[in-house]
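Architecture at a glance
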Amino acid sequence: MIAYFGVVNAQEEITFSDEELTKYATVMVWAEKQKEVMTETYNGWINNDQTLEAARFVKIKSAGGDSLKLQKFEVTDEELVAFEQIQTSYDSMTSSFKEVYIGKIKGDIGAGLYNSLKKELKSNDEIKTRYQAIYEGLKNESATEEEEESEE
């Protein structure tokens, strides 16, 4: 009977094909690239704002909407308006990203595969190693394509 359970456990071991790992990695490379673009955009908004210096932006953000802290930091109405505009734009951008990201998970990977692979990547070193190799390959491929596009 013990041998039977050993066979059953071996059969339940989860494996993923390279194709499945590639689907997952393709979406993750896309997501990482989008997050970099969003970070650059957000930082650009902060650094290029005429009303609000970056250091003041950070200070206002650290207040977390607490009116007493905002008073303590002597935040002007103009600075607060500029801060809120940047935050609203950022929230809109991240919301759009999340919507597309979820769509890619459902459409390109499949929710079941996404969930099971995400779980396995945390605990299965063999799958994690295979995934990392595929992920790095796709990431390098993407970087090469971007360089070629910028040279044109």
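Relevant structure appears above.
The structure displayed is predicted, hence computed values, not measured ones. (Residues numbered from 1 in each chain as written. Predicted model: local features only at pLDDT ≥ 70, side-chain atom pairs only at ≥ 80, totals over all residues. Heavy atoms only, no water.)

Quick look at the overall build of the protein chain
Scanning the protein chain from terminus to terminus reveals seven helices and zero strands. Reading the secondary structure of the protein chain in the N-to-C direction produces α-α-α-α-α-α-α. A principal-axis box enclosing the C-alpha atoms of the protein chain has dimensions of 75 × 50 × 25 Å. Expressed as a percentage of its 152 residues, the buried residues of the protein chain come to 28%. For the protein chain, long-range pairs separated by at least 24 residues make up 72% of all intrachain contacts whose partners lie at least 6 apart in sequence. Working note: accessible area of the protein chain is about 10600 Å², and carbon and sulfur atoms make up 51% of it. Taking the average location of the 17 positive side-chain charges in the protein chain and that of its 31 negative ones, the two points are 8 Å from each other. (Helix = DSSP H or I, 4+ residues; strand = E, 2+ residues; numbered from the N terminus. Buried < 20%, exposed > 50% of the residue type's maximum accessible area, 1.4 Å probe, protein only. Contact = heavy atoms within 4.5 Å. Areas by Shrake-Rupley, 256 points an atom, 1.4 Å probe, with all protein chains shown as cover. Lys, Arg positive; Asp, Glu negative; His and termini not counted. Charge placed at Lys NZ, Arg CZ, Asp CG, Glu CD.)

Things to note about the nonpolar core
By size, the foremost hydrophobic cluster in this structure holds 23 residues, and its most contacted members are Tyr-24, Met-28, Tyr-101, Ile-109, Leu-117 and Tyr-131. Of all the secondary-structure elements, those providing two or more residues to this core are helix H2 (18-48), helix H5 (77-109), helix H6 (111-123) and helix H7 (125-151). Examining the composition of this core, we find that eight residues originate from one element, H2, more than from any other. The contact partners of Tyr-24, leaving out residues within four places of it in the chain, are Ile-109, Tyr-114, Leu-117, Lys-118, Leu-121 and Tyr-131. Counting residues in hydrophobic clusters, the runner-up holds 12 residues, among them Tyr-42, Ile-46, Phe-73 and Ile-86. (Core = buried A, V, L, I, M, F, W, Y, C linked by side-chain atoms within 4.5 Å.)

Observations regarding the packing of helix H3 (residues 54-63) against H5
In the contact formed by H3 and H5, the axes pass within 10 Å of each other and the chain directions differ by 80°. It follows from the interaxial angle that H3 and H5 lie roughly perpendicular. Packed against H3, whose contacting residues are Arg-56, Phe-57, Ile-60 and Lys-61, the element H5 presents Glu-79, Leu-80, Phe-83, Ile-86 and Gln-87 at the interface. A breakdown of the residues in the contact of H3 with H5 according to their chemical character gives five nonpolar, one polar and three charged. (Axes fitted to C-alpha atoms, helices over the stretch in contact; angles between N-to-C directions. Parallel < 35°, antiparallel > 145°, perpendicular 65-115°, else oblique. Nonpolar A, V, L, I, M, F, W, Y, C, P; charged D, E, K, R; others polar.)

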